[in-house]
Amino acid sequence: MLATIRENLAPRHLGLVGLCILAWAYMSLFRYDSYGIEEAAALDLLMNWSIVHQIASPVAFFGMPDLRAILFIPLDMHWVGSLPAAKVFTMLILFGTALMYYKWSEERYDNEASMMATTLLLIAPISLMQTDALGTGVYLLCAFVVSAFLDRLLHESERASPSWFFLQILVCTFAVSLHPMGLALPLALIWRWSFEKEHRNKARKMIIAMILATAVMLFLRWGWYGMDAAAANPLAILADAIIGSPLLHPANSWGIGLVVADLGIAAIIATLLIHRRNLDSMTLMLTFSSIIGVTHADHAWVLVFWATTLFLGMPLLIQLNERIGWRGITGQRGLVLICVMVLASIAMSTARNYKNIGRLELKSDTDMVISVLAREAEESSTDKFLAASQWPARTLLATRRDVLPLPPANKDMSDFAAKIRGITHVAFNPQLKTQHDLARNFAALSDTYKTIALIPGGVVLKKSAADTHQSGGQHPNAHTPPHSGKTK
């Protein structure tokens, strides 16, 4: 019987079993409240929920959504209002992306390096964090690998403009809409097609199409509304790739981040030197995105940088071990096994602690500010609550009430007071340079708006009861869709 099982049990079957176990682990570690979601992802979900249920909502005023909203359409049609469904959907995107990276790495390097890199990516704390936050990094990695496979099909096609050509344009616009790192995709393709000698006409069309698609999307999404705030020290946030959420470890972890940065830089430089005459589009995308992401060092960049380190560095580590080691499995793979076991042990330990975020209801500084508004919304009637928030989509998810973007600063105080007459609560971070003028405006209205919370993430202002009664609590009738998930 065991012999029969061994004959019929292929390695891919074990891989599928492993993915099922990992999926159960992910879902058991997710936080099931309305916090920790990326602002841009929250906007995409709310936009679709409003359209599907034909509900008047202020989300149209929040800003231009990224193209993840298109991917969320089938999800939102069946599980509208469910954040757990969105997290499971993102988890499936991550698993599918990892399998495609495994396929690419296996074809370019070997099965051993690709298997180790894929496994370490899936169990990495940053992968869990980005999935739980519906993060941009997961979708960026997906766009890169899909584009790389399309690029290979385009090079192999004999036709001047095959159907893959138009799909490649869509993937390019999708990536650019997500994050500045998305610019790595058109840059890599333009670089690759610039050296195309056999199909010059096709190369010319591709380069022009990439430039035009990128220009249009930059015009629509310039500023990339909804991205997580960049870290002041990129090395500090890089440490999260290994030791997990900053809610669970001290802030001064730049030493670990320096180790991660050194590993990633060494892998990139070595790969560029060894394969300089045979750089494929996937390698170029990972390299360019890791460099561009330094300009806005958030957790999406950490995920992309860690994936780059694993998939470019693991084959090099195996080659290094073979050169410096002695004969036998211990000598040829000893260094590799030690590195893999250390990283896997740290990842599993960190993942086990991640459950404490949901169990203890830990929140980031920004979510602490939003939670104050959520508590105020619970204590206020619907017609006496209208908030203006620096994070309107995330605030709307948490409060399930009407939320507007922050009003623009105005030197004319009478005009400013007239424009915010119906707003009962305001939440923003006055420490940000971009909010200094607005902070001065509300400081001048200190007799009308009282501070009810001043915490590291920002300030929450509430309109005095007398002024709220005079304004009549009138505001647009906008409501979120009925809640059908496990969120609070």
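Participant: Can you help me understand the overall build of the protein chain in this one?
Facilitator: Helices and strands together make up the secondary structure of the protein chain, namely 22 helices and five strands. Counting the 488 residues in the protein chain, one finds 53% classified as buried. Long-range pairs, those at least 24 residues apart, make up 75% of the contacts in the protein chain with a sequence separation of at least 6.

Participant: Help me understand the packing of helix α3 (residues 39–52) against helix α4 (residues 68–78), please; the structure alone is not making it clear to me.
Facilitator: Running from N to C, α3 and α4 cross one another at 50 degrees; their axes reach a closest spacing of 9 Å. Comparing the axis directions of α3 and α4 gives the class oblique. You can see that α3 and α4 cross each other, and the crossing is right-handed. Facing α3, whose interface residues are A40, A41, D44, L45, N48, W49 and V52, α4 presents R68, A69, F72, I73, D76 and M77. Split by residue class, the contact of α3 with α4 holds nine nonpolar, one polar and three charged.

Participant: Just to check I follow, could you spell out helix α6 (residues 111–122) for this structure?
Facilitator: Residues separated by three or four positions in an α-helix point in the same direction, a consequence of the helix having 3.6 residues per turn. The first and last C-alpha atoms of α6 sit 17 Å apart over 12 residues, in line with the 16 Å expected at 1.5 Å per residue. Inspection of α6 places A113, S114, M116, A117, T118, L120, L121 and L122 among the buried residues, and these make up the whole buried set.

Participant: Help me understand the packing of helix α8 (residues 136–156) against helix α9 (residues 163–178) in this model?
Facilitator: Helix packing for two helices is described by the angle between their axes and how far apart those axes are. Orientation of α8 relative to α9, taken along the N-to-C sense of each, is 155 degrees, at an axis distance of 9 Å. The angle between α8 and α9 places the two elements in the roughly antiparallel class. Note on packing geometry: the crossing formed by α8 with α9 is left-handed. Residue-level contacts link T136, Y139, L140, A143, V146, S147, L150, D151, L153 and L154 of α8 to W164, F165, L167, Q168, V171, F174, A175 and L178 of α9. Of the residues belonging to the contact of α8 with α9, the class tally is 14 nonpolar, three polar and one charged.

Participant: Whenever I open this one, the nonpolar core confuses me. Can you help?
Facilitator: A general tendency of soluble globular proteins is for nonpolar side chains to be buried together. F95, Y101, W104, F144, L185, M282 and M314 are the most contacted members of the largest nonpolar core, which totals 131 residues. It is helix α16 (residues 299–324) that provides the largest number of residues to this core, a total of 14 residues. Not counting chain neighbours up to four residues away, the residues in contact with F95 comprise L19, L22, A23, Y26 and L122. Counting residues in each nonpolar core, the second largest holds 14 residues, with L386, I420, F442 and Y449 among its members.

Participant: Got a minute to help me understand the packing of aromatic side chains in this structure?
Facilitator: The description of an aromatic ring pair rests on the distance of the ring centres and on the angle between the ring planes. Using the criterion set out here, one finds 17 aromatic pairs in the structure. Between the aromatic rings of Y26 and F30, the centroid separation amounts to 6.3 Å while the plane-to-plane angle is 90 degrees, which identifies the pairing as edge-to-face. The same class applies to Y26 and to F30, which are both buried. Chaining the aromatic ring pairs together yields one cluster made of Y26, F30, Y32 and F95. Over the ring of Y35 we find K363; its NZ or CZ atom is 5.1 Å from the centre of that ring.

Participant: I would appreciate a short explanation of unusual backbone geometry in the present structure.
Facilitator: Across the chain, the bulk of peptide bonds are trans and the bulk of non-glycine residues have phi less than zero. In the Ramachandran plot, L134 falls in the positive-phi region, its phi being about 55 degrees despite a non-glycine side chain. Mapped onto the secondary structure, L134 falls in the loop between α7 (125–132) and α8. Classification of L134 as buried rests on a relative accessible area of 0%. Notably, W224 is not glycine yet its phi reads approximately 45 degrees, a positive angle. Position of W224 among the secondary structure elements: in the loop between α11 (200–221) and α12 (234–238). The class of W224 is buried, set by a relative accessible area of 8%.

Participant: Explanation requested: the environment of L212 in the structure shown.
Facilitator: Looking at the element boundaries, L212 is found in helix α11. Classification of L212 by relative accessible area gives exposed; the value is 53%. When the C-alpha atoms of L212 and T173 are compared, they prove to be 9.7 Å apart, with 39 residues separating the residues in sequence.

Participant: Would you take a moment to explain the environment of A23 for this structure?
Facilitator: Along the chain, the position of A23 falls in helix α2 (residues 11–29). Among the residues examined, A23 registers a relative accessible area of 13% and is labelled buried. Taking C-alpha positions, A23 is 8.5 Å from V88, a pair spaced 65 residues apart along the chain. A23 has contacts with M91 and F95, leaving out every residue within four places of it along the chain.

Cut-offs and rules
- Residues numbered from 1 in each chain as written.
- Predicted model: local features only at pLDDT ≥ 70, side-chain atom pairs only at ≥ 80, totals over all residues.
- Heavy atoms only, no water.
- Helix = DSSP H or I, 4+ residues; strand = E, 2+ residues; numbered from the N terminus.
- Buried < 20%, exposed > 50% of the residue type's maximum accessible area, 1.4 Å probe, protein only.
- Contact = heavy atoms within 4.5 Å.
- Axes fitted to C-alpha atoms, helices over the stretch in contact; angles between N-to-C directions.
- Parallel < 35°, antiparallel > 145°, perpendicular 65-115°, else oblique.
- Left-handed = near helix turned anticlockwise from the far one by under 90°.
- Nonpolar A, V, L, I, M, F, W, Y, C, P; charged D, E, K, R; others polar.
- Expected span 1.5 Å × (residues − 1).
- Core = buried A, V, L, I, M, F, W, Y, C linked by side-chain atoms within 4.5 Å.
- Phe/Tyr/Trp six-rings, centres within 6.5 Å; stacked < 30°, edge-to-face > 60°.
- Lys NZ or Arg CZ within 6 Å of the ring centre and 35° of its normal.

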